[in-house]
Amino acid sequence: MGEEVKVFGYWASPYSYRAELALKLKGVSYEYINEDIFGNKSDLLLKYNPVHKKVPVLLHNGKPIVESLVILEYVEETWKHNPYLPQDPYDKATARFWIKFIDEKCFPTLWLAAWSAENEREKVTNEACEYLKTLESALNGKKFFGGETIGMVDIVASSVGYFIRVTQEIMGQNLLSADKFPQLFQWSEDFANCSIVKESLPPRDKLLPFVKGLIAKYQQDNAKA
Amino acid sequence: MGDEDVVLLDFWPSPFGMRVRIALAEKEIKYEYKEEDLRNKSDLLLKMNPVHKKIPVLIYNGKPVCESLIQVQYIDEILPHKSPLLPTDPYQRAIARFWGDFVDNKIYDLGRKLWTTKGEEQEAAKKEFIECLKLLEGELGNKAYFGGENLGYVDVVLVPFYSWFYAYEKCGNFSIETECPKLIAWAKRCMEKDTVSKSLPDQDKIYDFVLHLKKVFGIE
């Protein structure tokens with residue numbers, strides 16, 4: 001088809017991962033460029049995302065699309081096979097609701113619970129558990145949020161189901177446990193075991209030390225503030 | 001589609017609610033407007049938005065849709081051929097969604113700082129607020145609306161804040177028109193449309209509301 005598809009990302013970023021998973025689910029070939037986001041961002045990245053200067057950036061035939069959720073909607077609308085959003089407007093609105101909930105409540109609070117100071121941790125952890133309970137209710141007995149197959153909510157929930165689970169291992173926390181959240185736990189196992197997901201997730205043995213370092217940095221910055 | 005099929009739970013000064021009012025008006029969808037007392041939320045609100053307990057809530061044939069950007073997209077998708085808000089081309093849609101998110105992430109919080117803070121914090125908020133508006137002016141360019149010839153998604157997402165501009169200016173002691181004349185011209189152009197002017201409260205009423213809130217929260 002002569003299409004040029006590139007992704008500017010960062011190997012450990014859950015946001016970057018979403019863009020890649022979406023393209024893989026659609027069977028779209030792309031060139032991946034790893035950005036040194038903690039060091040020197042490339043001129044190209046700054047050119048394609050001047051407002052936020054962040055990854056991921058999707059470049060399709062020279063045109064940049066930024067913000068992971070905007071990218072997911074674009075990929076869905078451009079490559080219409082293997083849809084990961086429902087067709088019905090109400091079901092679509094419901095999916096978008098859970099996506100927003102994960103991004104604005106679940107993920108940030110779970111991340112905060114990982115690195116926050118001792119005296120704040122209990123409160124944040126309780127809040128995180130409430131959000132996990134609510135997220136689990138969205139599964140409603142289904143295998144994936146998208147039903148029988150992975151949908152856009154599953155793609156976004158990978159930040160919780162995989163990246164946060166790895167984080168929790170490091171911190172010795174076990175918020176997303178099988179006994180507290182059996183359905184959600186099972187979902188995270190089923191999700192990570194999908195071949196297309198398995199082959200594209202950043203490997204745990206690389207991610208563990210990276211997240212450890214990141215948490216130390218957050219704790220250090222927070223102590224200084 | 002009878003009146004009773006569509007209900008909007010809202011709060012008159014909410015810019016998020018205003019977005020939905022404009023979208024419904026653009027699509028000529030008749031609906032019942034229900035004013036919520038946020039200090040005493042109705043059972044209906046708590047039932048229809050149990051996760052966030054917030055307005056606006058759009059109830060369509062008994063089924064709730066929450067979150068203003070999601071509601072605007074939903075309204076656009078159920079009547080795609082009437083006054084379309086998002087373009088049909090995926091890349092143009094991505095641009096519109098990007099700026100919609102930008103407004104959502106920046107303008108409300110910065111605006112809030114303008115009337116709840118003082119001194120250095122307020123000055124920093126003012127500076128960033130103007131920078132954001134200037135970026136939006138850049139995106140508008142020479143177009144009549146962000147949507148081109150007609151109101152589009154970004155127009156609907158941004159214009160409600162215009163009703164709050166007078167309050168921001170009074171509290172922040174600055175003139176938005178001086179800094180961003182193109183944006184004010186755009187806002188006034190939007191206000192010439194009934195769908196917008198009938199969905200936004202008077203700037204004076206918003207300012208009185210802000211003064212009232214300042215008193216209640218003990219903010220000078």
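Residues numbered from 1 in each chain as written. Chains lettered and ligands numbered in written order. Predicted model: local features only at pLDDT ≥ 70, side-chain atom pairs only at ≥ 80, totals over all residues. Heavy atoms only, no water.

- As recorded in an unreviewed UniProt entry, chain B goes by glutathione transferase and comes from Gossypium barbadense.
- Turning to chain B, the UniProt annotation filed under Sequence similarities (unreviewed entry) states: "Belongs to the GST superfamily. Tau family." (UniProt positions renumbered as here; feature names shortened; annotations may be inferred.)

- The name given to chain A in an unreviewed UniProt entry is glutathione transferase, with the source organism recorded as Gossypium darwinii.
- The heading Sequence similarities (unreviewed entry) in the UniProt record of chain A holds the text "Belongs to the GST superfamily. Tau family."
- Here chain A is described in UniProt, under the heading Subcellular location (unreviewed entry), as follows: "Cytoplasm, Cytosol".

### Comments concerning the layout of surface pockets
Regions of empty space are outlined by a rolling probe, equal in size to a water molecule, passed over the atoms.
Moving on, step 1. The volume enclosed by the largest pocket comes to roughly 1600 Å³.
Moving on, step 2. What lines the largest pocket is a set of 47 residues, and nearest its centre among them are Y15, R18, K54, S68 and D103 of chain A.
Moving on, step 3. At the level of elements, α1 (14-25), α3 (68-78), α4 (89-115), α6 (152-171) and α9 (204-224) of chain A together with α3 (68-78) and α4 (90-116) of chain B are the ones that each hand at least two residues to the lining of the largest pocket.
Moving on, step 4. It is α4 of chain A that provides the largest number of residues to the lining of the largest pocket, a total of eight residues.
Moving on, step 5. Residues that form the lining of the largest pocket fall into these classes: 23 nonpolar, eight polar and 16 charged. (1 Å grid on protein atoms, 1.4 Å probe; cavity = no way out; pocket = protein on both sides within 12 Å on 5 of 7 lines; lining within 4 Å. Points joined across faces, edges and corners; volume = space filled by probe spheres on them. Helix = DSSP H or I, 4+ residues; strand = E, 2+ residues; numbered from the N terminus. Nonpolar A, V, L, I, M, F, W, Y, C, P; charged D, E, K, R; others polar.)

### Brief notes about the packing of α4 of chain A against α6 of chain A
Residues and elements named next belong to chain A.
Moving on, step 1. Remark: α4 packs on α6, axes separated minimally by 9 Å, with the N-to-C direction vectors making an angle of 10 degrees. Comparing the axis directions of α4 and α6 gives the class roughly parallel. Seen from α4, the contacting residues are A95, W98, I99, I102, D103, C106, F107, L110, W111 and A114; seen from α6, they are M152, V153, V156, A157, S159, V160, I164, T167, Q168 and M171.
Moving on, step 2. Classifying every residue of the contact of α4 with α6 gives 16 nonpolar, three polar and one charged. (Axes fitted to C-alpha atoms, helices over the stretch in contact; angles between N-to-C directions. Parallel < 35°, antiparallel > 145°, perpendicular 65-115°, else oblique. Contact = heavy atoms within 4.5 Å.)

### Regarding the environment of P181 of chain B
Residues and elements named next belong to chain B.
Moving on, step 1. Tracing the sequence through the fold places P181 in helix α9 (residues 181-191).
Moving on, step 2. Judged by relative accessible area, P181 falls into the partly exposed class, the value being 45%.
Moving on, step 3. Measuring from C-alpha to C-alpha, the distance between P181 and K134 comes to 9.7 Å, with 47 residues separating the pair along the chain.
Moving on, step 4. Setting aside anything within four residues of it in sequence, one finds P181 in contact with E137 and I176. (Buried < 20%, exposed > 50% of the residue type's maximum accessible area, 1.4 Å probe, protein only.)

### Some points on the side chain of S116 of chain A
Residues and elements named next belong to chain A.
Moving on, step 1. When you line up the elements, S116 lands in the loop between α4 and α5 (118-139).
Moving on, step 2. Residue classification places S116 among the buried residues on the basis of a relative accessible area of 1%.
Moving on, step 3. When residues no more than four places from it in sequence are discounted, the contact partners of S116 are R121 and V124.

### Details of helix α1 (residues 15-26) of chain B
Residue and element names in this part refer to chain B.
Moving on, step 1. The end-to-end C-alpha distance of α1, which contains twelve residues, comes to 17 Å, matching closely the 16 Å that a straight helix rising 1.5 Å per residue would cover.
Moving on, step 2. With respect to burial, α1 is a largely interior element, eleven of its twelve residues being buried.
Moving on, step 3. Listed as buried for α1 are P15, F16, G17, M18, R19, V20, R21, I22, A23, L24 and E26.
Moving on, step 4. Measuring from the side-chain oxygen of the N-cap residue of α1 to the backbone nitrogen of F16 gives 3.2 Å; that N-cap residue is S14.
Moving on, step 5. The first or second residue beyond α1 is E28, which carries a positive phi of 55 degrees. (Expected span 1.5 Å × (residues − 1). Polar contact = N/O pair within 3.5 Å; in protein donor to acceptor, adjacent residues only side chain to side chain.)

### Regarding the domain arrangement of chain A
All names here are of chain A.
Moving on, step 1. Domain boundaries in chain A define domain 1 (5-78) and domain 2 (89-223).
Moving on, step 2. Contact between domain 1 and domain 2 buries roughly 1800 Å² in total, counting both sides, with carbon and sulfur atoms accounting for 76%.
Moving on, step 3. The largest per-residue losses of area from domain 1 upon contact with domain 2 belong to W11, Y17 and R18, which jointly make up 35% of the total buried on that side.
Moving on, step 4. Our enumeration of links across domain 1 and domain 2 arrives at two salt bridges. (Domains from an automatic or database assignment. Buried area = accessible area lost by both parts, 1.4 Å probe. Salt bridge = Lys/Arg side-chain N within 4 Å of Asp/Glu carboxyl O.)

### Quick notes on the interface of chain B and chain A
Moving on, step 1. With 23 residues of chain B at the contact, the number on the chain A side is 23 residues.
Moving on, step 2. For the pairing of chain B and chain A, the buried interface totals around 2200 Å² over both sides, and the portion due to carbon and sulfur atoms is 69%.
Moving on, step 3. When the area that chain B buries against chain A is broken down by residue, the three leading residues are I70, Y91 and F98 of chain B, summing to 28%.
Moving on, step 4. Our enumeration of links across chain B and chain A arrives at six salt bridges.
Moving on, step 5. The salt bridge partner of R97 of chain B is E73 of chain A, with a shortest N-O separation of 3.5 Å.
Moving on, step 6. At the boundary of chain B with chain A, the tally comes to seven residue pairs in polar contact (both at pLDDT 80 or more).
Moving on, step 7. Counting only elements with at least two residues in the side of chain B that touches chain A, the list comes to β4 (63-66), α3 and α4 of chain B.

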